[in-house]
Structure formats: C-alpha cells, structure tokens
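Observations on the three-dimensional arrangement
What follows is each chain in one-letter form.
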Amino acid sequence: MSYKQKIDDIRDELRSLYKAAPEQTRGFGTLSKAVKETGVLGVKEKECVALGMALVQRCEPCILLHVEALMKAGASREELSDVLAMAIQMSGGPGLMYAAKALACWDELAAAGA
C-alpha cells in the first residue's frame, strides 16, 4: 500500500471518529488550530517538532500526517533529514526504523507532486 493511500485511509478513519465523538474531536481540533496559529514559531517549525515527537512516540499515522504537513509547510528534504536525525539521536534503533518510513513517505509524496 502506498503512503498516499495510508494517509487517505487515516483520514477516513478520523472522519468516522469525528462522527462518533463530535464534541470531543471538535475540542481537539480547536486546540490544534490554536497551537498552529499562535506563538512565536511558524507552522513549519511546529511541524518539525510534531514530526520529531511522532517519531519518538512511534506513531506511524502521526508520522505520515506530519510528513505531509511539513511538506505543505514548505520544508525541504534537508530540513526533514535534520528532524529525522534528531529523532534518531533521541530514540535510538526504533527511531531509525520509523525515520526510514518517514523519509520513504516524503520521497513518495514528493515524486507524486503532493
């Protein structure tokens, strides 16, 4: 399965959750929007932090969504690589494995012009 398809499937699953728990997920959405729209860091820097945390937490759905968001925020592959290197340094071997997935996702999305 492609990373694009995995991202689409994650979004479908989230839509189902939004319908099942609308008030709670709306609250989380409000929090997410406030975090991204306020503060001194830009969206790209915040997505770097979010991706690093997702890698260290080993949350593949979060990794894929934040790789895509980081790309949309205008990051370069080199900036992605710095985030991946930091996550590997903080989490060792498991971070290395998930960082490889993140890089593969980036490369696939970039090749598709996402």
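Structure's up top.
Here we summarise the structure given alongside this text. (Residues numbered from 1 in each chain as written. Predicted model: local features only at pLDDT ≥ 70, side-chain atom pairs only at ≥ 80, totals over all residues. Heavy atoms only, no water.)

1. Topic: helix α5 (residues 77-111)
Heads up, the condition is: Each helix corresponds to a stretch of at least 4 residues labelled H or I by DSSP, and each strand to a stretch of at least 2 residues labelled E; elements are numbered beginning at the N terminus. A helix is expected to span 1.5 Å for every residue after the first. Two axes define the bend at a residue: one fitted to the seven residues ending there, one fitted to the seven starting there, and the bend is the angle between them. Summary of the burial criterion: residues with accessible area below 20% of their type's maximum are buried, those above 50% are exposed, and those between are partly exposed, where the area comes from a 1.4 Å probe applied to protein chains only. Every residue pair with non-hydrogen atoms within 4.5 Å of one another is taken to be in contact.
Compared with the 51 Å implied by 1.5 Å per residue over 35 residues, the 12 Å span of α5 between its first and last C-alpha is markedly short. The axis of α5 is deflected most strongly, by about 145°, at G92, and proline P94 appears within four residues downstream. Where α5 is concerned, the buried positions are L80, V83, L84, A87, S91, G95, A99, A102, C105, W106 and L109. Where α5 is buried, its residues touch α1 (3-20), α3 (43-57) and α4 (60-72).

2. Points about the packing of α4 against α5
What counts, and what does not: Convention adopted: a line fitted to C-alpha atoms gives each axis, helices being fitted over their contacting stretch, and angles between N-to-C directions are expressed from 0 to 180 degrees. The scheme is simple: roughly parallel for angles under 35 degrees, roughly antiparallel for over 145, roughly perpendicular for 65 to 115, oblique for anything else. Note on convention: the crossing is left-handed when the near helix lies turned anticlockwise from the far helix by less than a right angle, right-handed when the turn is clockwise. Under the scheme applied here, ten amino acids are nonpolar (Ala, Val, Leu, Ile, Met, Phe, Trp, Tyr, Cys and Pro), four are charged (Asp, Glu, Lys and Arg), and all others, including Gly, are polar.
At their nearest, the axes of α4 and α5 sit 9 Å apart, and the two run at 60° to each other. Taken together, the axis directions place α4 and α5 in an arrangement best described as oblique. Relative to α5, the crossing made by α4 is right-handed. Counting all contacts with α4, which are made through E60, I63, L64, V67, E68, L70 and M71, the residues of α5 involved are L80, Y98, K101, A102, C105, W106, L109 and A110. Residue composition of the contact of α4 with α5, grouped by class: twelve nonpolar, no polar and three charged.

3. As for α3
In this model α3 runs 21 Å from its N-terminal to its C-terminal C-alpha over 15 residues, within 8% of the 21 Å that 1.5 Å per residue would give. Those residues of α3 that fall on the buried side of the exposure criterion are K46, E47, A50, L51, G52, A54 and L55. Where α3 is buried, its residues contact α2 (22-37), α4 and α5. At the C-terminal side of α3, R58 shows a positive phi close to 60°.

4. Some details on the packing of α1 against α5
Relative to each other, α1 and α5 sit at 100°, their axes nearing to 9 Å. Classed by the angle they form, the pair α1 and α5 counts as roughly perpendicular. Each of Y3, K4 and I7 in α1 lies in contact with α5, whose residues at this interface are K101, A104, C105, E108 and L109. The residue makeup of the contact of α1 with α5, split by class, is five nonpolar, no polar and three charged.

5. A look at the pattern of salt bridges
Pairing is possible between side chains of opposite charge, provided their charged atoms come close. Operational definition: Salt bridges are identified by distance alone: a Lys or Arg side-chain nitrogen within 4 Å of an Asp or Glu carboxyl oxygen.
Scanning all chains against the criterion turns up nine salt bridges. The salt bridge involving D12 is made with R15; its shortest N-O contact spans 2.7 Å. Residue D12 and its partner R15 are located together in helix α1, separated by three residues, close to a single helical turn. The class of D12 is partly exposed, set by a relative accessible area of 42%. R15 sits in the partly exposed class, given a relative accessible area of 46%. Ionic pairing is found between D107 and R77, a salt bridge with its closest N-O pair at 2.7 Å. Among the charged side chains, a salt-bridge network with shared partners connects K6, E60 and K101.

In short, shape yes, function no, at least from these values alone.
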